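# Working through the structure, step by step
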Amino acid sequence: MRIKRKMVPKARIPTASMSDIAFLLIIFFMTVTVFRKAKGLPVQIPFAKTTERILKQRDLAHIWISKDGKVSVDDNIVSPKKVTLIFRTKIAENPSLITSIKADKDVPYRYVHEVMEALREANALRVVFATKRGG
Amino acid sequence: MALFRKVQLEEEAEIPTASMADIAFLLIIFFMTTTNFAREKGLKFVLPEKKDQPQEIKIKSENLLKISINDRGEVFLNDEEVRWENVEREVRLRLEKNPNLIILIRTHRDAPYDYMIRAFDAVKAAGGKRVGLGIIGGEG
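Here we summarise the structure given alongside this text. All values derive from a computational prediction rather than experimental measurement.

### Points about the sheet that holds strand β4 (residues 71–73) of chain A
- Judged by pairing direction, the sheet is mixed, and its seven strands sit side by side in the order β2(A)-β1(B)-β7(A)-β6(A)-β3(A)-β4(A)-β5(A) without closing on themselves. With one partner strand each, in any of the chains shown, β2 (52–53) and β5 (76–78) of chain A form the two edges of the open sheet.
- Of the pairings in the sheet, the one linking β2 of chain A to strand β1 (residues 41–46) of chain B comprises two bridges and is antiparallel in character. Of the residues in β1 of chain B, the one forming a bridge with Arg53 of chain A is Lys41 of chain B.
- Where helix α2 (residues 80–93) of chain A meets the sheet, it contacts β3 (60–65), β4 and β5 of chain A, and its direction lies at approximately 25° from that of β4 of chain A.

Structure follows, in structure tokens:
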């Protein structure tokens, strides 16, 4: 007498290529990651219709100007004179530096003007006024 | 007899790869959490160079458009007051008449920064390429 035995196929998930996929993703995230250097100040940046995207994130340096006129670079509150000093070294390290000015929309214009003059003094001429799309 | 015992079972060399994926995913999670896709946005501008001896450049007054913003947030185009909504259209009209127009945005020292951005945005939207920024009311 023959006993019919059913052959139950074993369920198997091929995991050999799993690590390849994973490493591919790692490489992607490693290349796109730009670590944040500074936290900055709480500011409400203004809206603008013609806002452009800045693609060269690695060349960006940030300056925050709060509502009461405090200026922050790399998480230090600095004076406009210090801004010149800091940006002189920054521009020496990376001549294609772009400075992103994140100023509060209600800050009196003279504070922004002071910072821009300090940047001119340091020869850091390429700036971006941080804005949000809309308006 | 001793001859037979010498035959050794050759072990296959194996690298355990089962946990490789786990390590990889751990790293992925680390990079995913630290990545910030905060896309930077803004209005580009190139500041004028600072020279030791400021040279005077004469610009004909018909080639210059002054946009002035006072501390109350009122805006003037060459000394005539305009409404904020009309700035872009006015600038565009003037640019059509004279493509060589240089636009100078002068903001009062106590005026909120937002107004300067509004004027700058309007000029950009109108297609103005040659823009200067100035301040009213002195330095410091």
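That was the structure; now back to the text.
### Notes on the interface of chain B and chain A
- Each partner contributes to the interface: chain B provides 37 residues, whereas chain A provides 48 residues.
- Among the elements of the structure, α2 (20–34), β1, β5 (102–108) and α4 (113–125) of chain B are those that each provide at least two residues to the side of chain B that touches chain A.
- With nine residues, α2 of chain B is the largest single contributor of residues to the side of chain B that touches chain A.
- Looking at the side of chain B that touches chain A, its residues break down into 19 nonpolar, seven polar and 11 charged.

### Here's the deal with the sheet that holds strand β2 (residues 64–69) of chain B
All names here are of chain B.
- Across the sheet, five strands lie side by side as β4-β3-β2-β5-β6; this open sheet has mixed pairing. Both outer strands of the open sheet, β4 (80–82) and β6 (131–136), are each paired with one neighbouring strand and no more. Shown here is a sheet whose adjacent strand axes are inclined to one another by a mean of 30°, direction ignored.
- Strand direction decides the pairing type here: β2 and β5, joined by six bridges, are parallel. The residue of β5 that forms the bridge with Lys66 is Leu104.
- Sheet strands in contact with α4 are β2, β3 (75–77), β5 and β6, and its direction is about 165° off that of β5.

So, how was this worked out
- Residues numbered from 1 in each chain as written.
- Chains lettered and ligands numbered in written order.
- Predicted model: local features only at pLDDT ≥ 70, side-chain atom pairs only at ≥ 80, totals over all residues.
- Pairing = 2+ DSSP bridges.
- Helix = DSSP H or I, 4+ residues; strand = E, 2+ residues; numbered from the N terminus.
- Contact = placed C-beta atoms within 7 Å.
- Axes fitted to C-alpha atoms, helices over the stretch in contact; angles between N-to-C directions.
- Nonpolar A, V, L, I, M, F, W, Y, C, P; charged D, E, K, R; others polar.

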